[in-house]
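Observations on the model geometry
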Amino acid sequence: MQPKLVRLSQYFLPTLREAPAEAQIVSHQLMLRAGMIRQASAGIYSWLPLGFRMLKKIEQVVREEQDRIGAAELLMPTIQSADLWRQSGRYDDYGKEMLRIKDRHERDLLYGPTNEELITEIFRAGVKSYRDVPKLLYHIQWKFRDEIRPRFGVMRGREFYMKDAYSFDINRKAALDSYNKFFIAYLRTFARMGLRSIPMRAETGLIGGNNSHEFIILADTGESQVFCHRSYLERDGMAVDDSTLEARAAAVRDWTRDYAATEDEHDIEAFSAIPEDDQVATRGIEIGHIFYFGTKYSVPLEAQIADESGANVPVHMGSYGVGVSRLLGAIIEARHDEKGIVWPAAIAPFQLAVINVKVADTACRAATERIMQQANNAGFEVLYDDRDQRAGVKFAEMELLGIPWRVVVSPKALATESFEVTKRRSGVIQNLGLEAIVPFLCKQFGR
Ligand code: P5A
């Protein structure tokens, strides 16, 4: 867990006034300016305290929604042996994108770009019967892909953080229900982050199979060319019934009813049949990608289970990825203004920023401590600017950081018993007495 109260004087927040020239898109610029990441080498980043804090927050929302559908978390290593990859045939398929390593015994290792092989081996060793499935397993772990063109900061890194889940079922019908569970979990996950994600038919590439959806958020700076029906701009990812197999199938049918496809799967004829006003042809960011690939790995890796008649059959599988580190960039790309980041209230590094304009003043310090104590007790996370700095600098930096609410403590506020509480998104100011601040915030957050 990250601390609930952070004092800027003790924090490490190397902010920049100007965007560095190498950053081409706004999310990359803002992540650098807000002191969240620092490039270590091409496509490889250090996560500074604020960036790390957000990475953990996003990871936690992703985790909660995986747990909710009954997936079990485990942790596989970053370094894998080449042997399983030779068995599946992907050791050669992956080409230069795979980082290959030799150990001191000249054995071939690799830094995992994904984990289908390793999880299949783990499943094979532990499950023997149809009674033991479905099994949904996931981990959240660093991946490495030696991308030709790492760019846009954490959006397309070489080292990146992914949640990858894997499903194991007795047959195709059951496997498609597992697919539907993840499909709905993804809609919920991204909606909780304030993102409107659109599931689009997509190519399966190196993962394989013939049924796949990419979850895309629309953004001019996105790397994918996408096409969809306008109806997706109004859909609510939280309001999905997933209580039974039939309800899940109906929900996914409903969500895939209208046209939505990435460039590779685009059907110009079908798209042209949509009334022109409802056609959306734009760019997007891929934040998640799910696959059903049946027995592609279970056959070569001999992952079989006994069916009801006692016969051994290869298990049916799917895999499900979320770009956890990419999501940071994606959220900022979707939520910013000319002053900086505007975090959605549900997934901000802190809910409240407290600026003490006169830190040397005893009364100001006491009032600040009281507000922060009350806020912490109510469950809010607080960033406290206790530095001896000009007020203008403090205000501009807090706007850059995008904390949803800000309160200012000053001798004048104390004298008039009126504290400015400002909403970052709208800039609207409330003037409140000291004791009214936290109750007001509780109301805003529905607490
Ligand atoms: C699904 C889970 C897979 O790897 N195997 C396990 C499947 N799918 S994927 O589409 O290739 O990747 C899943 C998600 O990871 C993010 N991602 C990246 N993020 C940052 N930098 C990269 N270079 C990168 N490559 C993939 C994407 O969000 C993608 O949807």
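In what follows, the accompanying structure is described.

The rules behind the values
The residue count restarts for each chain, going from 1 along the sequence in the order it is written. Where local features are concerned, this predicted model is filtered to residues with pLDDT of at least 70; where side-chain atom pairs are given and counted, the filter is 80 or more; whole-chain, interface and lining totals use all residues. Computation of side-chain values: all heavy atoms of the structure, hydrogens and water removed. For this analysis, a ring pair means two rings from Phe, Tyr or Trp (six-membered ring only for Trp) whose centres lie within 6.5 Å, classed as stacked if their planes differ by under 30 degrees, edge-to-face if by over 60, and tilted for the remaining angles. Secondary structure counts use DSSP, requiring at least four H or I residues in a row for a helix and at least two E residues in a row for a strand, with both numbered from the N terminus. Exposure classes here rest on a 1.4 Å probe applied to the protein chains alone. A residue is buried below 20% of its type maximum, exposed above 50%, and partly exposed in between. Two residues qualify as a contact provided that any one of their heavy atoms is within 4.5 Å of a heavy atom in the partner residue. At least two bridges found by DSSP between two strands is the condition for calling them paired. Every angle, taken between N-to-C directions, lies between 0 and 180 degrees, and every axis is a line fitted to C-alpha atoms, over only the stretch in contact when it is a helix. We define proximity as follows: a residue is near a molecule or strand when any one of its heavy atoms falls within 4 Å of that partner. Here a polar contact is recorded for every N or O atom pair within 3.5 Å, except that within protein the pair must consist of a potential hydrogen donor and a potential acceptor, and residues adjacent in sequence are included only if both atoms are side-chain atoms. Using a 1.4 Å probe, accessible areas were evaluated by the Shrake-Rupley method; residue-level cover was limited to the displayed protein chains. In this classification, Asp, Glu, Lys and Arg are treated as charged, Ala, Val, Leu, Ile, Met, Phe, Trp, Tyr, Cys and Pro as nonpolar, and every other residue, Gly included, as polar.

What the rule picks out here adds up to 17 aromatic pairs. When the centroid spacing of 5.3 Å and the interplanar angle of 65° are considered together, the rings of tyrosine 186 and phenylalanine 215 count as edge-to-face. Of this pair, tyrosine 186 sits in helix α6 (residues 172–192) while phenylalanine 215 sits in strand β11 (residues 211–218), and the two are 29 residues apart along the sequence. Accessibility expressed as a relative area gives 0% for tyrosine 186, which makes it buried. Overall, the relative accessible area of 0% leaves phenylalanine 215 in the buried class.

Before going further, it helps to examine helix α1 (residues 26–33). Among the eight residues in α1, six count as buried, and that is most of the element. Within the span of α1, buried status applies to Ser27, His28, Leu30, Met31, Leu32 and Arg33. Where α1 is buried, its residues meet β2 (37–41), β3 (44–47), α9 (324–334), β18 (336–337), β19 (340–341) and α11 (391–401). At the C-terminal side of α1, glycine 35 shows a positive phi close to 65°.

As a further point, take the sheet that holds strand β5 (residues 79–81). Strand order in the open sheet formed by three strands is β5-β7-β6, and the pairing between neighbours is antiparallel. Lying at the two open borders of the sheet, with one neighbouring strand each, are β5 and β6 (99–102). Sheet twist, expressed as the mean angle between neighbouring strand axes with direction ignored, is 35°. Of the pairings in the sheet, the one linking β6 to strand β7 (residues 108–111) comprises four bridges and is antiparallel in character.

Along the chain, threonine 295 turns up in the loop between β14 (279–294) and β15 (304–306). Sequence separation between threonine 295 and alanine 360 is 65 residues, and the spatial gap between their C-alpha atoms is 68 Å. Discounting residues that sit within four places of it in the chain, threonine 295 has contacts with Pro300, Pro314, Val315 and His316.

Turning next to the site of the ligand. Residues in contact with the ligand amount to 23 residues; listed here are only the nearest, Glu116, Arg145, Glu147, Gly157 and Glu286. Within the contact set of the ligand, a nitrogen atom lies 3.4 Å away from a backbone nitrogen or oxygen of methionine 155. Glycine 157 is positioned with one of its backbone polar atoms (N or O) 2.8 Å from a nitrogen atom of the ligand. Relative to its free-state accessible area of 590 Å², the ligand is covered by the protein chains to the extent of 95%. Sorting the residues of the shell around the ligand by element identifies β9 (159–169), β14 and β17 (316–323) as the ones contributing at least two each. It is β14 that contributes the most residues to the shell around the ligand, five residues altogether. The class makeup of the residues in the shell around the ligand is nine nonpolar, seven polar and seven charged.

Interpretation in functional terms is not warranted from these geometric data alone.
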